[in-house]
Amino acid sequence: MPAASAATRGFFRAAPTDHPVLITEAAPSLDEQHRARVRRYMIIMGFRIPCLLLAALTYTIFENPLISILIIAASVPLPWIAVLVANDRPPRTKDEPSRWDGQGDRAALESGHRKAIDS
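All residue numbers here refer to positions counted from 1 along the written sequence of the relevant chain. Only residues with pLDDT of at least 70 get local features here, since the model is predicted, and only at 80 or more are side-chain atom pairs given and counted; chain-wide, interface and lining totals rely on the full set of residues. Hydrogens and waters are ignored; side-chain quantities use all the structure's heavy atoms.

Q: I keep staring at helix α4 (residues 78-87) and nothing clicks. Help me out?
A: One turn of an α-helix holds 3.6 residues; hence residues three or four places apart share an orientation. Residue burial is assigned from relative accessible area. The probe radius is 1.4 Å, only protein chains are included, and a residue is buried under 20% of its type maximum, exposed over 50%, and partly exposed in between. Each helix is a run of DSSP H or I of at least 4 residues and each strand a run of E of at least 2, with the numbering of both proceeding from the N terminus. Turning to α4, its buried residues are Leu78, Ala82 and Ala86. One face of α4 carries all of its buried residues, which in axial projection span an arc of 65°. Looking at α4, the residues exposed on the side facing more than 90 degrees away from the buried face are Trp80 and Asn87. Among the structural elements, α1 (30-46), α2 (48-62) and α3 (65-75) are those in contact with the buried residues of α4. Taking the helix axis as origin, the arc is that swept by the directions to the C-beta atoms. The contact criterion used throughout is that any non-hydrogen atoms of two residues lie within 4.5 Å.

Q: Could you clarify how one ought to interpret the environment of Pro79 in this entry?
A: For Pro79, the location among the structural elements is in helix α4. Taking C-alpha positions, Pro79 is 8.4 Å from Arg48, a pair spaced 31 residues apart along the chain. Setting aside residues up to four positions removed in sequence, Pro79 forms contacts with Met45 and Arg48.

Q: It is not clear to me how α3 should be interpreted in this structure. Could you clarify?
A: Within α3, burial applies to Ser68, Ile71 and Ser75. Down the axis of α3, the buried side of the element spans an arc of 60°, and every buried residue falls inside it. Away from the buried face of α3 by more than 90 degrees, exposed residues Leu66, Ile69 and Leu70 are located. Tucked inside the fold, the buried residues of α3 contact α2 and α4. Polar contacts, as counted here, are pairs of nitrogen or oxygen atoms within 3.5 Å of one another; within protein the pair requires one atom able to donate a hydrogen and one able to accept it, and residues that are adjacent in sequence qualify only if both atoms are side-chain atoms. Where α3 begins, the capping side chain belongs to Asn64, and its oxygen is found 3.1 Å from the backbone nitrogen of Leu66.

Q: Teacher, can you tell me more about the packing of α1 against α4 here?
A: Two packed helices can be described by the angle between their axes and the distance between those axes. Running from N to C, α1 and α4 cross one another at 165°; their axes reach a closest spacing of 8 Å. Taken as axis vectors, α1 and α4 run roughly antiparallel relative to one another. Along this stretch, α1 crosses α4, giving a crossing that reads as right-handed. For the pair formed by α1 and α4, the contact residues are Arg37, Arg40, Tyr41, Ile44 and Met45 on the first element and Leu78, Pro79, Ile81, Ala82, Val83, Val85, Ala86 and Asn87 on the second. Put simply, Ala, Val, Leu, Ile, Met, Phe, Trp, Tyr, Cys and Pro go in the nonpolar bin, Asp, Glu, Lys and Arg in the charged bin, and everything else, Gly too, in the polar bin. When grouped by side-chain class, the residues that make up the contact of α1 with α4 number 10 nonpolar, 1 polar and 2 charged. To get an axis, a line is fitted to the C-alpha atoms, and for a helix only the part in contact is used. The angle between two axes follows their N-to-C directions and goes from 0 to 180 degrees. Here roughly perpendicular refers to angles of 65 to 115 degrees, roughly parallel to angles under 35, roughly antiparallel to angles over 145, and oblique to all remaining angles. Should the near helix be turned counterclockwise from the far one by less than a right angle, the crossing is left-handed, whereas a clockwise turn marks it as right-handed.

Q: It is not clear to me how the environment of Pro65 should be interpreted in this structure. Could you clarify?
A: Here Pro65 is to be found in helix α3. Along the primary structure Pro65 and Ala55 are separated by 10 residues, whereas in three dimensions their C-alpha atoms are 8.8 Å apart.

Q: For this particular structure, what's the right way to read the environment of Leu84?
A: In this structure, Leu84 sits in helix α4. Along the sequence, Leu84 and Tyr41 sit 43 residues apart, while their C-alpha atoms lie 9.0 Å from each other.

Q: When you look at a nonpolar patch on the surface in this model, what are you seeing that I'm missing?
A: Taken together, the side chains of Leu54, Leu57, Ile61, Phe62 and Ile67 make up a nonpolar region of the molecular surface, amounting to roughly 470 Å² of accessible area. Sorting elements by how many residues they give to the nonpolar patch places α2 first, with 4 residues. Positionally, Leu57 belongs in helix α2. Relative accessible area serves as the criterion here: at 46%, Leu57 is assigned to the partly exposed category. Surface patches are defined over residues having more than 30% relative accessible area and no salt bridge, joining like charges when they lie within 9 Å and nonpolar side chains (Val, Leu, Ile, Met, Phe, Trp, Tyr) when within 5 Å. Working definition of accessibility: Shrake-Rupley area with a 1.4 Å probe, residue cover restricted to the visible protein chains. Salt-bridge detection follows one rule: a side-chain nitrogen of Lys or Arg within 4 Å of a carboxyl oxygen of Asp or Glu.

So this is what it looks like as structure tokens:
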């Protein structure tokens, strides 16, 4: 009988991708978050060049500057949107504690009559 490989022996078999299984509730590492933000920024900014090319193409085909100006106007806020999306933090989970405890509604000092000592 042939011997089983190390990956198939025992009750727990190795995953086909051989990646470790995530068993914690830890947030993704800062490097992974940074890569994801850079990827989102590059995708959004990647739409800007095709918008400008599309504006030039529509101007040459339809000879209507209004359509081209509208396409260019739609591409103007893309850098702003890309920066906002790239700088955004990961969404909060339901398990993340809320830092607000409701203590801000109370008055800092209690009002009332106090005796003063005159000297």
